[in-house]
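# Working through the structure, step by step
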Amino acid sequence: MYKIVDSNKHIYNLYNYQKENEFEKIIVNNHEIIFGAQGIYFDLKKKIGISKKGAAVPDGYYLDLTFHHDPQLYFIEVELNNHDLYGHIGEQILRFSICSETDKHKIKTILLKNLVEDINKNKVLEKYFEKSKFNNINELLDEVIFEKDIAAIVVINEATPELDMVLSKLTITTEVIEVQTYTNGNEKYTESLRLEMR
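The rules we used
- Residues numbered from 1 in each chain as written.
- Predicted model: local features only at pLDDT ≥ 70, side-chain atom pairs only at ≥ 80, totals over all residues.
- Heavy atoms only, no water.
- Helix = DSSP H or I, 4+ residues; strand = E, 2+ residues; numbered from the N terminus.
- Buried < 20%, exposed > 50% of the residue type's maximum accessible area, 1.4 Å probe, protein only.
- Pairing = 2+ DSSP bridges.
- Salt bridge = Lys/Arg side-chain N within 4 Å of Asp/Glu carboxyl O.
- Lys, Arg positive; Asp, Glu negative; His and termini not counted.
- Polar contact = N/O pair within 3.5 Å; in protein donor to acceptor, adjacent residues only side chain to side chain.
- Phe/Tyr/Trp six-rings, centres within 6.5 Å; stacked < 30°, edge-to-face > 60°.
- Arc of directions from axis to C-beta.
- Contact = heavy atoms within 4.5 Å.
- Core = buried A, V, L, I, M, F, W, Y, C linked by side-chain atoms within 4.5 Å.

Okay, the environment of V116 next. Tracing the backbone through its elements, the reader meets V116 in helix α4 (residues 104-117). A C-alpha to C-alpha distance of 39 Å links V116 and M165, two positions 49 residues apart in sequence.

Next up, the structure:
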């Protein structure tokens, strides 16, 4: 287990999350650090797909605009490591994969509505369009939803080899980001996040 010692010799220990929604708040509040500032994070929980046929509710989406001619859309799944790898995490990622094939139009509608309503996201896109091959939001979303495969990112407080094995059996490209928070006892949370891309 890691510990962090700051310049004032305060010791920070790993904070153990009891509830997933508490962990999700840390992810949303630090999304630029976790996913990168060269993209757009969507804190949207909307059902996609068809009930009893692989419907899912992603914890969010991330539109990676790092490469001007090769944007990538990701489903975001925020999890605690004590959740069932097979019956919950693996199944959820599988459902994302199914929805990315069966409900492309709804995914586009959800994201487009949010982009149109959010001035800050529009500013990011305006800058992006200046250097990209895309002229507008529709062209960009068509590329990342209809022309490319949507990928997934699992954000988890502790990644394990078992998680890697489960995800390796799925066909959807899935990245894992390990995020941990540390506390010094006096403060519940610190700004210290330990990130590890796997």
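Having seen the structure, we can now continue with the description.
Attention shifts here to the pairing of strand β7 (residues 174-183). As a general feature of sheets, a regular strand has side chains that alternate between the two faces. Burial within β7 is extensive, with nine of its 10 residues counted as buried. Examined bridge by bridge, strand β2 (residues 11-14) and β7 share two bridges and lie antiparallel to one another. Residue pairing for β7: L14 is matched across the bridge by Y182. Looking at chain direction, strand β6 (residues 151-156) and β7 are connected through five bridges and run parallel. By the bridge assignment, I153 is partnered in β7 with E175.

Let us look at the pattern of salt bridges. Inspection of every chain in the model, using the stated rule, returns seven salt bridges. The partner of R95 in a salt bridge is E91, with the nearest N and O atoms 2.8 Å apart. You can see R95 and its partner E91 sitting in helix α3 (residues 85-102), four residues apart, about one turn around the helix. The partly exposed category is assigned to R95, whose relative accessible area is 26%. The exposure class of E91 is partly exposed, given its relative accessible area of 32%. The network of salt bridges with shared partners includes E24, K45 and D59.

On to the side chain of E143. Relative to the assigned elements, E143 resides in helix α6 (residues 137-147). For the buried E143, no salt bridge exists, and the shortest N-O distance to an oppositely charged side chain is 4.5 Å, to K133.

Bringing the side chain of D59 into the picture now. On the secondary structure map, D59 appears in the loop between β3 (39-42) and β4 (60-64). The buried category is assigned to D59, whose relative accessible area is 7%. A polar contact of 3.2 Å, which involves the side chain of D59, links it to the side chain of K45. Of note is the side chain of D59, whose polar atom sits 2.7 Å from the backbone nitrogen of V78.

Scanning the entire structure with this criterion turns up eight aromatic pairs. Put simply, the rings of Y15, Y17 and F23 touch in pairs and so form one group of aromatic residues.

Our next topic: helix α5 (residues 119-131). For α5, every residue scored as buried is listed here: K121, N122, L125, Y128 and F129. Buried residues in α5, looked at end-on, bunch into an arc of 120 degrees, giving them a common side. The outward face of α5, more than 90 degrees from its buried face, is lined by the exposed residues I119, N120, K123, E126, K127, E130 and K131. Looking at the buried side of α5, the elements it contacts are β3, α4 and α6. The N-capping residue of α5, defined by a side-chain oxygen 3.0 Å from the backbone nitrogen of N120, is D118.

Our next topic: the nonpolar core. Formed by 39 residues in total, the largest nonpolar core has its most connected members in L73, F75, I107, L111 and L140. Residues contacting L111, with those up to four places away along its chain left out, are F42, L44, Y61, L73, L141 and I145. Counting residues in each nonpolar core, the second largest holds 18 residues, with I27, V78, L80 and I177 among its members.

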